[in-house]
Amino acid sequence: MDQNIFRKRIREVQNLLKESEVLLIFAAPQKIRNRDVEYKFRQDSDYYYLTGIEEEDGVLVLRRDFSAHFALPKDKEKEIWTGIRLGREEIKRRLELDQSFDLGEWDSKISDILTNQFTLYHFFGKDSKRDSELLELISSLNRRLREGKFGPQRWEIPNFLHEMRMLKSPEEIDKLKESSRITALGHERLFKETKVGMYEFELESILESEYLKHGAWGGGYGHIVAAGKNATILHYTTNRAKIGDNELILVDSGAEKDYYTADVTRVFPSGKKFTSEQRTIYQLVLDVQKQAILDTKQGVEFNAVHEKTVKNLTSGLIDIGLLKGNISEVIERGEYRRFYMHRTGHYLGMDVHDVGRYFENGKSKPMQNGLVVTVEPGLYFDPTDETIPAGFRGIGVRIEDDVLVNGDSPVVLTSMIAKEVDEIEAMRA
């Protein structure tokens, strides 16, 4: 993104801070995979949102009247091994900050930064060691009251930053569209290339290679490729099973590019056609999903979409004969949870389960323009439940799209990915 976007965000946060309030945002550290091998680095989303910097271990410090950054120092020997570092002066220039320091100065500077600041905003809970060090420092500062100095008296999580991240700018929406476009290419290859006898991990490799080929970081979360009864496991990521005849294959996967991820689920038969029972369940979920997308509008409470989805799925299951009784009573008794046990969607953005509060003062928040959410109803039938007709056992169907709230006209960012029965069967043929 243009550096002006990050500068603007920093100024917006500073304007939200009151006098005697300070915000600390920490970059992600490198994490060890095993022995001396590190995981592929991915920056902390909050830190990247404000800085656009992809180096580890930095710290952004903001007060209403002051901005500073602590960065890894320039080090020719280390840069030979791990890449060129920006250095404190370049970061200061990029973000137009008041001060910049080497990370080695953190211990000597942080006391002055926190002195006589009443409120500390920090994402407590991400790093327990760091939290303990900050709390110990604050306690030490508060023992200096006789000198007329004190440390923060109040510690808060900066939810205002997450409220900013909830509503997407035009630039962010463009990035989500690009991630969706790349995701579509991966899913389309699976529609066309999957064959009985392949393994789930082969499908996973197709997705990952397609994402990387188009400049994505890879998947924005662990790929779910679940054939047959594995589709009834909601977060199945083992991806080792062999694909059999007449199975449904559930694929939940989205590409992440430039720190914004798609989140899509599609289901298709291992052969050319859905079986009668598979088609029945698939069409029910699809019809309910389409209605839920239409309900994803400005001013509608987020939870209301889920409640209506539960009602529609329950009605369909009663019509099929898989549930019995009055809709309201079946819902009140929670009987639908045998087949539908998760929520209908979540916020989407830099994180697949993106930030922001769903409830405020005990009430579900109404959706606003610029919010991007997933819409993902599903039905899952225990393969070992002999009370279910045999043809339905082991079926798992979830259909998921990414939707931008846009007044009364929701925009489906992933609409290019086939989901109608006849479209899917045509591609399978």
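Reading guide: rules and limits
Residues numbered from 1 in each chain as written. Predicted model: local features only at pLDDT ≥ 70, side-chain atom pairs only at ≥ 80, totals over all residues. Heavy atoms only, no water. UniProt positions renumbered as here; feature names shortened; annotations may be inferred. Salt bridge = Lys/Arg side-chain N within 4 Å of Asp/Glu carboxyl O. Helix = DSSP H or I, 4+ residues; strand = E, 2+ residues; numbered from the N terminus. Buried < 20%, exposed > 50% of the residue type's maximum accessible area, 1.4 Å probe, protein only. Arc of directions from axis to C-beta. Contact = heavy atoms within 4.5 Å. Pairing = 2+ DSSP bridges. Expected span 1.5 Å × (residues − 1). Axes fitted to C-alpha atoms, helices over the stretch in contact; angles between N-to-C directions. Lys, Arg positive; Asp, Glu negative; His and termini not counted. Polar contact = N/O pair within 3.5 Å; in protein donor to acceptor, adjacent residues only side chain to side chain.

An unreviewed UniProt entry lists the protein chain under the name Xaa-Pro aminopeptidase, with Leptospira andrefontaineae as the source organism. One UniProt comment on the protein chain, placed under Catalytic activity (unreviewed entry), says "Release of any N-terminal amino acid, including proline, that is linked to proline, even from a dipeptide or tripeptide."

*Asks:* Would you mind showing me how to read the pattern of salt bridges here?
*Replies:* A side chain of one charge can pair with a side chain of the opposite charge when the charged atoms of the two come close. Taken as a whole and assessed by the stated rule, the structure comprises 43 salt bridges. The salt bridge partner of D46 is K126, with a shortest N-O separation of 3.2 Å. Pair noted here: D46 is in helix α2 (residues 45-51) and K126 is in the loop between β7 (119-121) and α6 (128-141), with a separation of 80 residues, a long-range link. Note on D46: relative accessible area 4%, which makes it buried.

*Asks:* Even after reading the chapter, I still don't get helix α13 (residues 421-428), so can you show me in this structure?
*Replies:* Buried within α13 we find V421, I424, E425 and R428. Seen end-on, α13 carries its buried residues on one side only, within an arc spanning 95°. For α13, the exposed residues lying more than 90 degrees away from the buried face are D422 and A426. For α13, the elements touching its buried residues are α8 (170-193), β14 (265-269) and α10 (276-294).

*Asks:* Help me understand the sheet that holds strand β13 (residues 260-261) in this model?
*Replies:* Ordered by their spatial adjacency, three strands build an open sheet running β9-β12-β13, and the pairing between neighbours is antiparallel. Across the chains shown, the open sheet's two edge strands, defined by having one partner strand only, are β9 (218-219) and β13. Pairing geometry for β9 and strand β12 (residues 255-257), over two bridges, is antiparallel. For G218, the partnering residue across the bridge sits in β12 and is E256.

*Asks:* Mind showing me how you'd approach helix α9 (residues 200-213) here?
*Replies:* Residues three or four positions apart in an α-helix share a direction because the helix packs 3.6 residues into each turn. End to end, α9 covers 20 Å across 14 residues, agreeing with the expected 20 Å (1.5 Å per residue, within 8%). Every buried residue belonging to α9 is among E200, L203, I206, L207, E210 and Y211, and all of these are buried. Seen along its axis, α9 keeps its buried residues to an arc of 125°; they face one direction. Two residues or fewer past α9, G215 is found with a positive phi of approximately 85°.

*Asks:* Which parts of the structure should I look at to understand the sheet that holds β14?
*Replies:* Adjacent strands of a sheet form backbone hydrogen bonds with each other and so pair up, either parallel or antiparallel. The antiparallel open sheet is built from three strands, whose spatial order is β10-β11-β14. Each having just a single partner strand, β10 (224-227) and β14 make up the two edges of the open sheet. Mean inter-strand twist for the sheet, computed between neighbouring axes without regard to direction, equals 15°. Pairing geometry for β10 and strand β11 (residues 248-252), over four bridges, is antiparallel.

*Asks:* Is there a simple way to think about the side chain of D263 in this case?
*Replies:* Relative to the helices and strands, D263 resides in the loop between β13 and β14. Here D263 is buried and forms no salt bridge, its nearest opposite-charge partner R398 lying at an N-O distance of 7.1 Å. At 2.7 Å, the side chain of D263 forms a polar contact with the side chain of Y221. Within the local environment of D263, its side chain forms a polar contact with the side chain of H346, the two groups lying 3.0 Å apart. Other than its neighbours up to four places away in sequence, D263 contacts Y221, D252, G254, H346, L348, V352, T374, E376, E400, D401 and D402.

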